[in-house]
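Spelled out, the chains give:
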Amino acid sequence: MRSTVRLVRLFVVPLLVTATSLQAITYIVPNDRDLVKRSEAIIIATAVESHSDLRDRDRLVTVATLQVEKVLKGSVDGESVQLVEMGGTVGERMTFIPGSPRYESGKRYLVFLRTNRFGEKTTYGFGLGKFEFITDLHGHELLVRGGTDDEMFGFNESDSSQHVEPLRDAGEFLGFVRTVVEGDAPAREDYVVARSAVVFAKFPEFVPRTTRFVPIPLATRPDYLSAGNFRWQSPVAGFVYCCTPTLQPNFPNAVSDASSAMANWNGQGVGVNYTLGSADNTANKGFTTYDCKNTILFNDPNHEITGAAAIGGISTTGGSCVPPPGQPGPPFTYNNLGDGVTYNNTLEADVVVGANGTFSTNEATFIGVLTHELGHTLGFRHSDQTAANDPGTPCNPALIPCTSDAIMNSTIAFNLQSLRPYDVNAVQTVYGAGPVCNAPSIATQPASQSISFGSQANLSVAANGTAPLTYQWYTGNSGNTASPAGGATSTTFHPTPAVTTNYWVRVSNSCNGVQIANSNTAVVTVTCAPPSAGTPQASPSSIASSQSSTLSVNPTGSSPFTYQWYIGNSGVTTTPINGATSSSVMVSPSLTTTYWVRVTGQCAPASDSQAVTVTVAPCVLPTAGTPSASPSSIPTGQSSTISVNPAGTPPFTYQWYIGNSGVTTTPIAGGSNSFVTVSPATTTSYWVRVTGQCAPQSDSPSTTVTVTCAPIAAPGVTAQPQTINIGQSSTLAFNTAGSGPFTIQWYKNGLGDTSSPIAGANGQSTIVSPASSASYWVRVTSQCGTQDASVIVFVNGAPCNAPSITGQPASLTINAGSLVSLTVAATGTAPLTYQWYTGVKGDISHPIAGSTAALITQSPSVTTNYWVRVSNNCNNVQSADSNTATVTIGCSSPSITTQPVNVSAAIGTAATLKVVAAGSSLHYQWFQGVRGDTSKPVGLDSATLITGAISGNTLYWVHVTGACGSPADSNAGTVTALAPPRVRASRH
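Residues numbered from 1 in each chain as written. Predicted model: local features only at pLDDT ≥ 70, side-chain atom pairs only at ≥ 80, totals over all residues. Heavy atoms only, no water.

Visitor: Sorry if this is basic, but what is going on with the overall build of the chain here?
Guide: Helices and strands together make up the secondary structure of the chain, namely five helices and 75 strands. By the burial criterion, 44% of the 988 residues in the chain qualify as buried. Sequence-distant contacts, at least 24 apart, represent 66% of the contacts inside the chain between residues at least 6 apart. Counting every atom, the chain has about 45,500 Å² of accessible surface; 51% of that belongs to carbon and sulfur. (Helix = DSSP H or I, 4+ residues; strand = E, 2+ residues; numbered from the N terminus. Buried < 20%, exposed > 50% of the residue type's maximum accessible area, 1.4 Å probe, protein only. Contact = heavy atoms within 4.5 Å. Areas by Shrake-Rupley, 256 points an atom, 1.4 Å probe, with all protein chains shown as cover.)

Visitor: So what exactly am I meant to see when it comes to the environment of R168 here?
Guide: Positionally, R168 belongs in strand 14 (residues 167-169). Judged by its relative accessible area of 2%, R168 falls in the buried class. Residues R168 and L143, 25 residues apart in the sequence, show an inter-C-alpha distance of 5.2 Å. The contacts of R168, once residues within four sequence positions are left out, are D32, F131, E141, L142, L143, R145, F173, Y191 and V193. A polar atom in the side chain of R168 sits 3.1 Å from the side chain of D32. For R168, the side chain forms a polar contact with the side chain of E165, separated by 2.7 Å. (Polar contact = N/O pair within 3.5 Å; in protein donor to acceptor, adjacent residues only side chain to side chain.)

Visitor: Just checking my understanding: could you explain the pattern of salt bridges for this structure?
Guide: Pairs can form between side chains of opposite charge whenever their charged atoms are close. Counted according to the given criterion, the structure contains 17 salt bridges. Between D32 and R168 there is a salt bridge; the shortest N-O distance is 3.1 Å. A residue pair is termed long-range when its members are at least 10 positions apart, and D32 in helix 1 (residues 32-38) and R168 in strand 14 qualify at 136 residues. Between E165 and R145 there is a salt bridge whose closest N-O contact spans 3.1 Å. Here R145 lies in the loop between strand 12 (141-144) and strand 13 (154-156) and E165 lies in the loop between strand 13 and strand 14, a separation of 20 residues in the sequence. The same class applies to E165 as to R145, namely buried. Here the salt bridges do not stand alone but share partners, grouping D32, R145, E165 and R168 into one network. (Salt bridge = Lys/Arg side-chain N within 4 Å of Asp/Glu carboxyl O.)

Visitor: I keep staring at the state of the cysteines and nothing clicks. Help me out?
Guide: Note: disulfide means a covalent bond formed between the sulfur atoms of two cysteine side chains. According to the stated counting rule, one finds four disulfides in the structure shown. Between the sulfur atoms of C242 and its disulfide mate C243 the distance is 2.1 Å. In terms of burial, C242 and C243 fall into one category: buried. In this model, C528 is linked to C603 through a disulfide, with the two sulfur atoms separated by 2.3 Å. On the sign convention where negative is left-handed, the bridge of C528 and C603, at about -100° about the S-S bond, is left-handed. With a gap of 75 residues between them, C528 in the loop between strand 33 (522-527) and strand 34 (537-539) and C603 in the loop between strand 39 (593-600) and strand 40 (607-608) connect regions that are remote in the sequence. Classification of C528 as partly exposed rests on a relative accessible area of 36%. (Disulfide = S-S within 2.5 Å.)

Visitor: Got a minute to help me understand the side chain of H376 in this structure?
Guide: Along the chain, H376 turns up in helix 4 (residues 363-377). In terms of polar contacts, H376 uses its side chain to reach the side chain of H382, at 3.5 Å.

Visitor: Whenever I open this one, the packing of helix 3 (residues 254-266) against helix 4 confuses me. Can you help?
Guide: Geometry of a packed helix pair, given as the angle between the helix axes and the separation of the axes. Between helix 3 and helix 4, whose axes approach to 8 Å, the crossing angle comes to 55°. What the angle tells us is that helix 3 and helix 4 run oblique. Considering how the two elements wind past one another, helix 3 and helix 4 form a crossing that is right-handed. Contacts between helix 3 and helix 4 involve A254, D257, A258, S260, A261, M262, N264 and W265 from the first element and E363, F366, I367, L370, T371, L374 and G375 from the second. Of the residues belonging to the contact of helix 3 with helix 4, the class tally is nine nonpolar, four polar and two charged. (Axes fitted to C-alpha atoms, helices over the stretch in contact; angles between N-to-C directions. Parallel < 35°, antiparallel > 145°, perpendicular 65-115°, else oblique. Left-handed = near helix turned anticlockwise from the far one by under 90°. Nonpolar A, V, L, I, M, F, W, Y, C, P; charged D, E, K, R; others polar.)

Visitor: Explanation requested: the nonpolar core in the structure shown.
Guide: Burial of nonpolar side chains together is a common tendency in soluble globular proteins. F239, W265, I296, F380 and Y431 are the most contacted members of the largest nonpolar core, which totals 42 residues. Of all the secondary-structure elements, those providing two or more residues to this core are strand 17 (236-242), helix 3, strand 18 (273-279), strand 23 (348-353), helix 4 and helix 5 (421-431). Contacts of W265, omitting those with residues within four sequence positions, involve V272, T371, L374, G375, L378, F380, I407, M408, L419, D423 and V427. A457, Y471, A485 and F493 belong to the second-largest nonpolar core, a separate cluster that totals 20 residues. (Core = buried A, V, L, I, M, F, W, Y, C linked by side-chain atoms within 4.5 Å.)

Visitor: What should I look at first to understand the sheet that holds strand 54 (residues 765-768) in this one?
Guide: What links the strands of a sheet is backbone hydrogen bonding, and the strands pair in either a parallel or an antiparallel sense. The strand order 50-52-54 describes an open sheet built from three strands, whose pairing is antiparallel. Where the open sheet ends on each side, the last strands, each with one partner, are strand 50 (718-720) and strand 54. Between one strand axis and the next, the sheet turns through 25° on average, direction left out of account. Relative to strand 54, strand 52 (residues 730-733) runs antiparallel, the two being bridged by four bridges. Among the inter-strand pairings, T731 is bridged to a residue of strand 54, identified as I767. (Pairing = 2+ DSSP bridges.)

Visitor: So what exactly am I meant to see when it comes to the packing of aromatic side chains here?
Guide: Any aromatic ring pair is given by two values, namely how distant the centres are and how the planes are angled relative to each other. A full pass over the atoms with the stated rule returns 23 aromatic pairs. Relative to W596, the ring of Y566 lies with its centre 4.5 Å away and its plane at 15°, an arrangement referred to as stacked. Here Y566 is found in strand 37 (residues 562-567), whereas its partner W596 is found in strand 39, with 30 residues between them in sequence. When its relative accessible area of 0% is taken as the criterion, W596 is described as buried. (Phe/Tyr/Trp six-rings, centres within 6.5 Å; stacked < 30°, edge-to-face > 60°.)

Visitor: Is there a simple way to think about the sheet that holds strand 55 (residues 774-782) in this case?
Guide: Strand order across the open sheet formed by four strands is 51-56-55-53, with mixed pairing between neighbours. Bordering the open sheet on either side are strand 51 (723-724) and strand 53 (743-748), each of which pairs with just one other strand. Where strand 53 meets strand 55, six bridges bridge the pair, whose relative direction is antiparallel. When the sheet's bridge partners are listed, W746 is paired in strand 55 with V778.

Visitor: Please clarify how helix 2 (residues 170-181) should be interpreted in this entry.
Guide: One full turn of an α-helix is made of 3.6 residues, so residues set three or four places apart face in the same direction. Over its twelve residues, helix 2 extends 16 Å from the first C-alpha to the last, a length consistent with the 16 Å expected when each residue adds 1.5 Å. Three or more residues of helix 2 are buried, namely A170, F173, L174, F176, V177 and V180. Angular distribution of buried residues about the axis of helix 2 spans 155°; they occupy a single face of the element. At the N-terminal boundary of helix 2, the capping side chain belongs to D169, with an oxygen 3.2 Å from the backbone nitrogen of G171. Downstream of helix 2 by one or two residues, G183 has phi in the positive range, about 150°. (Expected span 1.5 Å × (residues − 1). Arc of directions from axis to C-beta.)

Visitor: Help me understand the pairing of strand 70 (residues 923-928), please; the structure alone is not making it clear to me.
Guide: Two faces make up the sheet, and in a regular strand the side chains alternate between them. The pairing of strand 70 with strand 73 (residues 954-961) spans six bridges and is antiparallel. What sits directly across from Q925, in strand 73, is H959.

Visitor: For this particular structure, what's the right way to read the pairing of strand 67 (residues 903-906)?
Guide: On strand 67, burial follows the alternation: V903 and A905 on one face are buried, whereas S904 and A906 on the facing-out side are not. Alignment of strand 67 against strand 75 (residues 973-978), held across four bridges, turns out to be parallel. What sits directly across from V903, in strand 75, is V975.

Visitor: Where do I start with helix 4 in this structure?
Guide: Its 15 residues give helix 4 an end-to-end C-alpha distance of 21 Å, which sits within 8% of 21 Å, the value for a rise of 1.5 Å per residue. Most of helix 4 is tucked away: 14 of the 15 residues are buried. Of the residues trailing helix 4, G379 is marked for its positive phi of about 100°.

Visitor: Would you take a moment to explain the environment of T593 for this structure?
Guide: Along the chain, the position of T593 falls in strand 39. Its relative accessible area of 16% is what places T593 among the buried residues. Residues T593 and V612 lie 19 residues apart in sequence; the distance between their C-alpha atoms is 8.5 Å. Among the polar contacts listed, one links the side chain of T593 to the backbone oxygen of L591, at a separation of 2.7 Å.

Visitor: It is not clear to me how the confidence of the model for the chain should be interpreted in this structure. Could you clarify?
Guide: For any part of a model where pLDDT is low, the fine detail of the predicted coordinates should not be relied upon. Here the chain averages 84 in pLDDT, while 88% of its residues score no lower than 70. The least confident element of the chain is strand 2 (residues 21-23), whose mean pLDDT is 30; the most confident is strand 45 (residues 653-658), at 96. Of the regions scoring below 50 in pLDDT, residues 201-216 engages in 15 contacts with residues more than four places distant in sequence or in other chains. Of the regions scoring below 50 in pLDDT, residues 983-988 engages in zero contacts with residues more than four places distant in sequence or in other chains. (pLDDT = per-residue confidence, 0-100.)

Structure representation (structure tokens):
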């Protein structure tokens, strides 16, 4: 049976080459915001299965079915989506494209989608649009692109800097995606997770024991070939090129550059003979189908490698160019080389170069890219990977030749345009009698250098010779192998010597036994700089009494350093701070204090810093202020948060209480913050005691949280059916809310009219049979209070009269804080509904919540106007408005508007304290002591108090009464006693 296998290698080059290397695959990485905006659709989905398929134009593809969990952008048809990716295997036909996305069944992905030129859904930008959900060993869910080992190699699209693939917090990154999708609004971009904070499961690589100490023999042909052992039976192939007139404008010498790339492989004397003929614009099929022509296609005429630089591929079938059955044709496999290996015969080779503008580099690197892709058409694998060319599976040099110094390396050095020793060995082994084995030699010696104490040295060596080369660094003079450096087995070595030290490296390979080359000795000279402490920083530099400040210093010189902090002026060592032996220390001085630090480095002398001062401000007595409740009114079962913002010298301590200010019988457990959350069952008062850094403590006024009672649950009372015929019945019902037990009574007529109770109607439902349309209401009483609700039962054919006012609400005069009742009388077909308002008649902008009965009770603090609107449902809504009733306030309760302030007075003199109060007919009584202590009355009935002679610090407060309402007590003001001024006697 004829096997059909196509191997394709993808190589992507950045827009502007500025780094030291290019890699296949090398991605041009857009930022995450651009990735979201450019994708046609974005989904979260779980892979169900994958299979290969042969599609139109002889395309081999892999189809992955994903079960869609959520669509973040765009749309998909149905609950699943099929992604069509390049490459696959059907029967014995195979197209191999490294980097084409593959989805593992059962795994969950975030996928960015686009539509390809065939109208199929595919992943955006190969691996750029595929993110896998992964949970690390800490349970942290992440979104990972390109694997957990930072395998996404490439350059940032914005500035061509080398891309470092981050790990992304799954939840935060999904939030970013949603925000950008919703309109490109500002979105948080703090979803990157430090790799140091993530722990993935790791397993040691298995290396057969037999390879540890036995040098490998010279490599065989399959050691250099890709999976499948693809090889020309005769490596003589003529190429043509296309596609004019758009022949690679960025590289006007592209045709001769391709010839130069072919010459690199032709010149090794093993029969490889690639030739480049003339232009042939009919040879434009590329990898879309077979055309029986070896072609270099410039400018990607079929849009096969959007965003990439080049693809090199081979095929073991000629497609339409295979002769008909029965006629002689080329073999598809052969095994006549005497090495026992069956090879897939290459019959057609193509190289597709990306569209103009895809990449921009110099001509030398362009030749290197073409040389690399032509190497794939010869069957060669990447020099630093396995035969599968999988970037996640590095090559093991103990088993097969491996190196990063090759044109076939997955990372091609910038400006590299010719073969390296590994490449020469590969072509001589695969197409000749075998590699020429050259003993190692030192090309670039490790250089001597000078470093400061604690720094790393950067030693490196470059060597020639047949790969694989092994390296071992040593301490001492060249040739002295007594002190090998552990783990130093690569071309670079970064020791951190404490003293001046000699190093050298031995390079070896296995040409006819072990061959070695010793480097020269490199001297790493270690210098030491004495410490310089500099000036410490205090943060903050000014504090209140009992607060803290952090002192820190950032010395220079040869580290590590040791520290000792002191109190006092710089250089005075009499007062060291115990335990203060790090670069920073926290201090809490009670007075303004100066500090300094002595820093000792790796060489003398020690350095004493300059002094830094922490200023301590005087202590200010605490003032609690008035607490605020948010919200101040709550329904039963809900919560309110009460908070206070005290003044004075912090930090403060708090204790909240239930009751009036100063009553400490009911402290709130756990109420020791500046706020407390409460859920009272009934209207309750609260206050807080604040203690600062200096006495005395301060008690706040009380604040009240009003609890509104709502034992009837929404939507209130219902009637089923609400419209009946005469003689029929309706069931009235409601559900309860809040905590029982409940007392229930149903009534007929308007809400609040208790003249017509329904006998026995004491449950959550009752049945009524009115002869005409009627209003019914229910009163439910619970532990938190009472709530009324009504409903109308309509009777078909009953007469209906619009409402009219028969008794107007009356104007009244009351004292501030007193209750007043207003009532209205109205006639009209029941049921009548009521709504009271403040303001003048007809102004409905200020309805009184819950005031929906004929009678209301209010307690206004200022003169207020009231009126009521009475309505029913005669021929739609009919209403009548009452006159305006004015409630005039004749007397106001006392209140403190300005508290007594703290004053100072010399001992033996008097002090003056004042209070400002509001209210009707006020009287004052001052007391000495803390607020609430009435044992020592002082002063006259006046808002001003002139004390007697002061002998020490003393507190005073005042009790204010009025003609009506509750009295008001002020805060206590402090009189601070000052020493009298000294008088100097004069002698005559």
